[in-house]
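Chain and residue survey
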Amino acid sequence: MNKTLLEVKDLTKYYPIRGGLFQRNKQYVKAVDGVTFSIREGETFGLVGESGCGKSTTGRSILRLIEPTSGKVYFDGREITKLNHQELRNIRKDMQIIFQDPYASLNPRMTIGKMMEEPMIVHGISDKSLRRQKVREMLEVVGLNAEHGDRYPHEFSGGQRQRVGIARALMHQPKLIVADEPVSALDVSVQSQVLNLLQDLQETFRLTYLFISHDLSVVRYICDRIGVMYLGRMVELGERDALYDRPLHPYTQALLSAAPIPDPEALRERIVLQGDVPNPANPPVGCAFHPRCPYAVETCRTTRPAFREAESGRFVACHLYETGGEPVA
Ligand code: ADP
Ligand code: MG
């Protein structure tokens, strides 16, 4: 088995909510509230969950693009959460991010080639022709042409722009790429092209992915293992096939039953999620999912379930599995 590349331990990110002048007790949005998982080298680990559950905050806190409130992140054996500014800058080459909307992160007044050269200048590659050569190579690696370097962002389609985003992330031969909803803004036909590209690049460059998406079919397509988040916490984690074939957490069950089924023969009973996602500034006591859970019992309303290994490689935070029993309908 490959070694662990990324380890996330009890990560939290609380955002203070601005209160009134006389408000004494500060309130917080617990965007990420104690998330623990690890990713092996060469693996694609998926983070799924409804919008607002804390996926992006988790991804960005890992890279320290935002400062986590507490918890630890180890990358390749080093504690990221302890690094100073300079150390962090050096290690950033190894950890890159791809965003949902590459256009937002591209300067509209600069050619793609110039933009891709910039980080090389920052990192002291002074030979201009070497930089240009590297840009051309990278554009071809992601399925564009060398000439695309002379064009401006608006001259590209959505899929091409995401290829540019990927090329930029690859410039320094990173080990880990956090891909935050990388295909969510693309047409379905383009989505699979970009997903296939990411898979090819993973093999060529031995990449490890943290793949963030709200789309269960996308995650199923590309991920080896998956973590399901709800209101800032991980509620279930497991191998892709095992998780999709037999979800344990009632929230995972509901999510999957609501997703479109590729095989219409395999009719699944549809579980309708009741109620809205609760306010993350004021999450329910006990299990945060209990107000929407069809199986909730008294303990669920009072005690937060621990995130435990229910069976080999499968972790779940649910009282229904603490006695080892199946949830009762
Ligand atoms: P996701 O990526 O799963 O949609 P996010 O990580 O973006 O979720 O957000 C998690 C929660 O944190 C949401 O309730 C969101 O409103 C809140 N949040 C995110 N960024 C900020 C911020 N800068 N200030 C305050 N709250 C934030
Ligand atoms: Mg997000």
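Just above, that's the structure.
Since we're looking at a predicted model, the values are computed, not measured.

1. Regarding the overall build of the protein
- Each helix and strand counted, the protein has 10 helices and 12 strands in total.
- Taking 20 Å as the expected radius of gyration for a compact globule of 329 residues, we find that the protein reaches 21 Å, a close match to that expectation.
- When the 329 residues of the protein are sorted by exposure, 46% land in the buried category.
- Restricting the contact set of the protein to residue pairs at least 6 apart, pairs at least 24 apart contribute 64%.
- Of the roughly 16700 Å² that the protein leaves accessible, carbon and sulfur atoms contribute 48%.
- On the protein, the mean spot of the 42 positive side-chain charges and the mean spot of the 40 negative ones are 8 Å from each other.

2. With respect to the site of ligand 1
- The full set of residues close to ligand 1 is Y15, V29, A31, E50, S51, G52, C53, G54, K55, S56, T57 and P280.
- Take C53: an N or O atom from its main chain is 3.2 Å from an oxygen atom of ligand 1.
- Between T57 and ligand 1, the recorded distance is 2.5 Å, taken from a side-chain N or O atom to an oxygen atom.
- Taking 560 Å² as the accessible area of ligand 1 by itself, protein coverage stands at 61%.
- Looking at the shell around ligand 1, the elements with two or more residues in it are strand 2 (27–40) and helix 1 (55–62).
- The dominant element in the shell around ligand 1, judged by the number of residues it contributes, is helix 1, at three residues.

3. Some details on the side chain of R314
- Along the polypeptide, R314 turns up in strand 12 (residues 314–316).
- Residues in contact with R314, not counting those within four places in the same chain, are E236, L237, G238, A242, L243, R246, P247, L248, R308 and E309.

4. Side note on the packing of aromatic side chains
- Enumeration according to the criterion identifies six aromatic pairs in this entry.
- Taking the centre distance of 4.8 Å and the plane angle of 10° together, the rings of F37 and F45 count as stacked. Take F37 and F45: they sit in the same class, and that class is buried.
- For the ring pair Y251 and F289, a centre distance of 5.3 Å and an interplane angle of 65° mean the geometry is edge-to-face. Taken together, the residues span a long stretch of sequence, with Y251 in helix 9 (residues 250–258) and F289 in the loop between helix 9 and helix 10 (298–302) at a distance of 38 residues. There is no split in this pair, since Y251 and F289 are both buried.
- Linked through ring pairs, Y230, Y251 and F289 together constitute an aromatic cluster.

5. A word on the sheet that holds strand 8 (residues 208–212)
- If you walk across this open sheet you meet the eight strands as 6-7-8-3-9-10-12-11, and the pairing is mixed. Looking at the sheet topology across the chains shown, the edges are occupied by strand 6 (95–98) and strand 11 (308–311). Going from strand to strand, the sheet's axes swing by 25° on average, the running direction of each strand aside.
- Here three bridges tie strand 11 to strand 12, and the two strands are oriented antiparallel to one another. Considered in strand 12, the bridge of E309 is made with F315.

6. Overview of helix 5 (residues 158–170)
- With 13 residues, helix 5 ought to run about 18 Å at 1.5 Å a step, and its terminal C-alpha atoms sit 19 Å apart, in line with that.
- For helix 5, the buried fraction is high: 10 of the 13 residues fall into the buried class.
- Every buried residue of helix 5 is listed here: G159, R161, Q162, R163, V164, G165, I166, A167, A169 and L170.
- Those residues of helix 5 that are buried lie in contact with strand 6, helix 3 (112–122), helix 4 (128–141), strand 7 (176–180) and helix 6 (188–205).

7. Observations regarding a negative patch on the surface
- Taken together, the side chains of E137, E140, E147 and D150 make up a negatively charged region of the molecular surface.
- The topology assignment puts E147 in the loop between helix 4 and helix 5.

Procedures and definitions
- Residues numbered from 1 in each chain as written.
- Chains lettered and ligands numbered in written order.
- Predicted model: local features only at pLDDT ≥ 70, side-chain atom pairs only at ≥ 80, totals over all residues.
- Heavy atoms only, no water.
- Helix = DSSP H or I, 4+ residues; strand = E, 2+ residues; numbered from the N terminus.
- Rg over C-alpha atoms; globule rule 2.2 N^0.38 Å.
- Buried < 20%, exposed > 50% of the residue type's maximum accessible area, 1.4 Å probe, protein only.
- Contact = heavy atoms within 4.5 Å.
- Areas by Shrake-Rupley, 256 points an atom, 1.4 Å probe, with all protein chains shown as cover.
- Lys, Arg positive; Asp, Glu negative; His and termini not counted.
- Charge placed at Lys NZ, Arg CZ, Asp CG, Glu CD.
- Near = heavy atom within 4 Å.
- Polar contact = N/O pair within 3.5 Å; in protein donor to acceptor, adjacent residues only side chain to side chain.
- Phe/Tyr/Trp six-rings, centres within 6.5 Å; stacked < 30°, edge-to-face > 60°.
- Pairing = 2+ DSSP bridges.
- Axes fitted to C-alpha atoms, helices over the stretch in contact; angles between N-to-C directions.
- Expected span 1.5 Å × (residues − 1).
- Patch = residues over 30% accessible without salt bridge, like charges linked within 9 Å, V, L, I, M, F, W, Y side chains within 5 Å.
- Salt bridge = Lys/Arg side-chain N within 4 Å of Asp/Glu carboxyl O.

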